[in-house]
Amino acid sequence: MRQYFLKHTGLTLLVTVLLIICSALRVFHGVVNAYVLDGLVAKSMSRFLFWTGIDIGLFLVLSIFLFGTMYLEGVLVQKMSLDLRLTITRNITHGDYAYFHRHDTGTYGSWLTNDITMIEDQGFQGYFYIVQFVCDTGFTVAALIQFHWSLVIVSILLGLITYSAPQLLAKPMKQTNMAVTHGNEHFLNQVQSFLQGFDTLFALNLQQRLVDQIAGSARKIAGLRVKQNTVKAGMGSIAGLASIVSQVGISAWTGLLVLWRLTSVGAIMATGNLSFNLLNSMANLGPLAAQMKAVQPLFAKYAAQADNQSAEKRTIPADQAQSIALAQLSYQYPHTSKPALQPLSLTVAPGTKVAITGPSGVGKSTLLNILNGKLPDYQGTVTVAGVPLKQIAGRSLRDNVLYIDQSPYVFNGTVRDNLALGQTFSDEQIMTALRQADLGDFVQQLPQGLATPMGEDGRLFSGGQRQRLALARGILRQRHIMLIDEGTSSLDTASALKVEDSFLKQQGLTVIFVTHQLHAQNKDLFDQVVTLA
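Here we summarise the structure given alongside this text.

Analysis parameters
- Residues numbered from 1 in each chain as written.
- Predicted model: local features only at pLDDT ≥ 70, side-chain atom pairs only at ≥ 80, totals over all residues.
- Heavy atoms only, no water.
- Core = buried A, V, L, I, M, F, W, Y, C linked by side-chain atoms within 4.5 Å.
- Buried < 20%, exposed > 50% of the residue type's maximum accessible area, 1.4 Å probe, protein only.
- Helix = DSSP H or I, 4+ residues; strand = E, 2+ residues; numbered from the N terminus.
- Contact = heavy atoms within 4.5 Å.
- Salt bridge = Lys/Arg side-chain N within 4 Å of Asp/Glu carboxyl O.

## Focus on the nonpolar core
Formed by 36 residues in total, the largest nonpolar core has its most connected members in Val 415, Leu 419, Leu 434, Leu 469, Ile 484 and Phe 503. For this core, the secondary-structure elements that each account for two or more residues are strand E6 (401-404), helix H13 (415-420), helix H14 (427-436), helix H16 (463-477), strand E7 (481-485), helix H17 (493-504) and strand E8 (510-514). Here this core takes 6 residues from H16, the largest share from any one element. With near-sequence residues (within four places) excluded, Leu 434 lies in contact with Leu 419, Leu 439, Gly 440, Val 443, Leu 450, Leu 469 and Ala 472.

See below:
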């Protein structure tokens, strides 16, 4: 957590200075109260009015500083939250395919939302309370000394008791925090799964299933939050009770000092205010310290690093098509009894077109996932440009190879957004790619053209149109090796032939095309047809 404050050193120092000033003004207000009361005891109108005016001025100045402090605290917290979100996002996307998929997307969503909120409340805000506590303590001790030195000793002893009492619940606080963060992850996974499956439930008139599942998950997370709030309430109650007892004790001791004529009557009001500042800080510090310790495991969870060995791996040229060679390549998924892909040997020369056919379940998609680097634990050998696939850095492989899924993902954005994906392409380049994917005429006829929204998960476009959009993504980026998994399965014969011909006739492009339906009209355009059994 410290690193996020250090990244914004200037703003952190500014907020710290403002907190110090606010603390000094609060303590000075407590001292001024003594002078106001002493003026009344002395029946001096001038002293009473003078110190009352000073007190009003203090409140006005304090209000201004408090506003500035709270505003800048909010800015600093949001900057650090942004940094933390970026750190988490970079970490989860830094590794390979398997590293990202070690958790569900709902888990990552919970990290970036619920966990961040918890860290803001119990972690980042804790720094401000600690600064306030240290300053309040220092200034209060300095103020109490002028009334009587024994008040300092009594206040510190009672303050330590006030701080220590809530620590009794530190361990339960840590446990409930972790339970809530895991509960949030599960809840988001469930919500995401059932909301995305609404169309299926709707078609079966089972919308109530969505309500029941979300209600069940919501009850579980509600129960965990109740436990968390119960622990918080317990810590707050213990701290509050200790604070009240301590304030009474300080007031009683001050009364004795007044009776013994060791301090003025005004000290009773001053020590009441000052001890409230001190003990209230100590009361909050106890639960706060426990909560700050409780959020530390969250940072450890995000810090899990990918086993990234890219620096030790090799790169392959991305300026031309490369050869691919398979030798006795096979794959068996964990916890299964038979191979998903039987041993296969195949050589694909640069710029050639290869069709992979066969019935379902013989490993056609598995083969493409191996070549795309998603399944590294294969048996046999694979080389690209003469380099063993396992020795090629993932980024270098993807700069050469484009995998087009049979169910391409469409983002909630415009046609242009879904093709550019944050990169810069001219409208002419995009339209050229769309025409080659047999989608250009359709997009041109849309009222907003490339600026047309595609809807959530591309629901405003048909399955065939989404597949052609995915093909256009690959054509736009001019990858030299294209792995296409049932890329035209949702198209009618005429459209499928048009799209297939667009990449089969491209010189220099290596294509490995998985299909259930090899068309006789363009079968001769393939250099090889491999049937898996």
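From this point, things continue past the structure.
## Observations regarding the pattern of salt bridges
Evaluation of the coordinates by the stated rule reveals 5 salt bridges. Between Lys 7 and Asp 83 there is a salt bridge whose closest N-O contact spans 3.3 Å. Taken together, the residues Lys 7 in helix H1 (residues 2-7) and Asp 83 in helix H3 (residues 45-94) connect sequence positions 76 residues apart. Look at Lys 7 and you get exposed, because its relative accessible area is 57%. A residue is classified by how much of its surface remains accessible, and Asp 83, at 8% relative accessible area, is buried. Here Asp 438 ties to Arg 468 by a salt bridge, and the two come within 3.5 Å at their closest N and O atoms. Of this pair, Asp 438 sits in the loop between H14 and helix H15 (440-445) while Arg 468 sits in helix H16, and the two are 30 residues apart along the sequence. We note that Asp 438, like Arg 468, is buried. One continuous salt-bridge network, built from bridges that share partners, spans Asp 438, Arg 468 and Lys 498.

## Regarding unusual backbone geometry
Residues other than glycine seldom take positive phi values, yet His 335 does so here, at roughly 65 degrees. Along the chain, His 335 turns up in the loop between strand E1 (324-331) and strand E2 (341-348). Judged by relative accessible area, His 335 falls into the exposed class, the value being 85%.

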